[in-house]
Amino acid sequence: MDKLAQAFDFRHACKKFDDTQKINQQDIEYILEAGRLSPSSFGMEPWHFIVVNNNELKKQLRTACYNQEQVTSCSHFVIVLYRKANNFTLQSDYLRRTIARTLPDATDQTAIDIACQAFINFYQQGLAEGLSINHWSEMQGYIASANMMTAAAYRGIDSCTIGGFEHSKLIQILENNIASFSKETFGVGLCLAFGYRVNEPGSHTRWPLTDVTTYLTESN
């Protein structure tokens, strides 16, 4: 296998980390950079990554994650936030700055208005039935999360995705510890635990490629 295939084979949902081993700063930034460089719909990058390596704070976070051990045994705990609907209005500073950087003239307010409205029209009319702009934004964070876990595996670092948590409790912890954090602006999409395994995992359980793939080809 090449190195990328080895990384996919290496990665598993690590439930117990060696709490004596810590990820160095260079490696954690490598992982975060994989998240930052991830693709997103319309290039909106509607994510923000909270990196926690404070043991006392991890203990608090564990209580919001149904007491899952990997929250406190991991080296670094990353909370993947997504931007909520108030970031995507015509007058939203975030939307306008994000749009402006793609235009030939980043100061052209009329062009920014037109491009912003085109994006607003998309999410008001083009999303699948039942989906909101918040759902769309949260889904973008899953792309970044997958890339971060693959980047970690490429460096021989284990990870575990944690989607089971008490949202309101986790939000309260963030509000208590980050002065600029607002639940009106951000929601929590996923949590990612990174560190080094204690136990070797079993083999992956996956459906065969033939069971999950359909080709539509031109007839001869």
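Residues numbered from 1 in each chain as written. Predicted model: local features only at pLDDT ≥ 70, side-chain atom pairs only at ≥ 80, totals over all residues. Heavy atoms only, no water.

1. Topic: the packing of aromatic side chains
- According to the stated counting rule, one finds ten aromatic pairs in the structure shown.
- Consider the rings of F42 and F119, whose centres lie 5.1 Å apart with planes at 75 degrees: the pair is edge-to-face. Taken as a pair, F42 in the loop between α2 (25-36) and β1 (47-52) and F119 in helix α6 (residues 109-125) lie far apart in primary sequence, 77 residues in all.
- When the centroid spacing of 6.4 Å and the interplanar angle of 85 degrees are considered together, the rings of F88 and Y94 count as edge-to-face. (Phe/Tyr/Trp six-rings, centres within 6.5 Å; stacked < 30°, edge-to-face > 60°. Helix = DSSP H or I, 4+ residues; strand = E, 2+ residues; numbered from the N terminus.)

2. Quick look at a nonpolar patch on the surface
- Together, L4, F8, Y30 and Y154 line one region of the surface with nonpolar side chains, adding up to about 390 Å² of accessible area.
- For Y30, the location among the structural elements is in helix α2. (Patch = residues over 30% accessible without salt bridge, like charges linked within 9 Å, V, L, I, M, F, W, Y side chains within 5 Å. Areas by Shrake-Rupley, 256 points an atom, 1.4 Å probe, with all protein chains shown as cover. Salt bridge = Lys/Arg side-chain N within 4 Å of Asp/Glu carboxyl O.)

3. Topic: the pattern of salt bridges
- Applying the stated rule across the entire model yields nine salt bridges.
- The salt bridge partner of R101 is E45, with a shortest N-O separation of 2.5 Å. Pair noted here: R101 is in the loop between α5 (93-100) and α6 and E45 is in the loop between α2 and β1, with a separation of 56 residues, a long-range link.
- The shortest N-O distance in the salt bridge between D158 and R197 comes to 2.7 Å. One end of the pair, D158, is in strand β3 (residues 158-162); the other, R197, is in the loop between β4 (186-195) and α9 (209-212), and 39 residues separate them in sequence. One exposure class covers both D158 and R197, and it is buried. (Buried < 20%, exposed > 50% of the residue type's maximum accessible area, 1.4 Å probe, protein only.)

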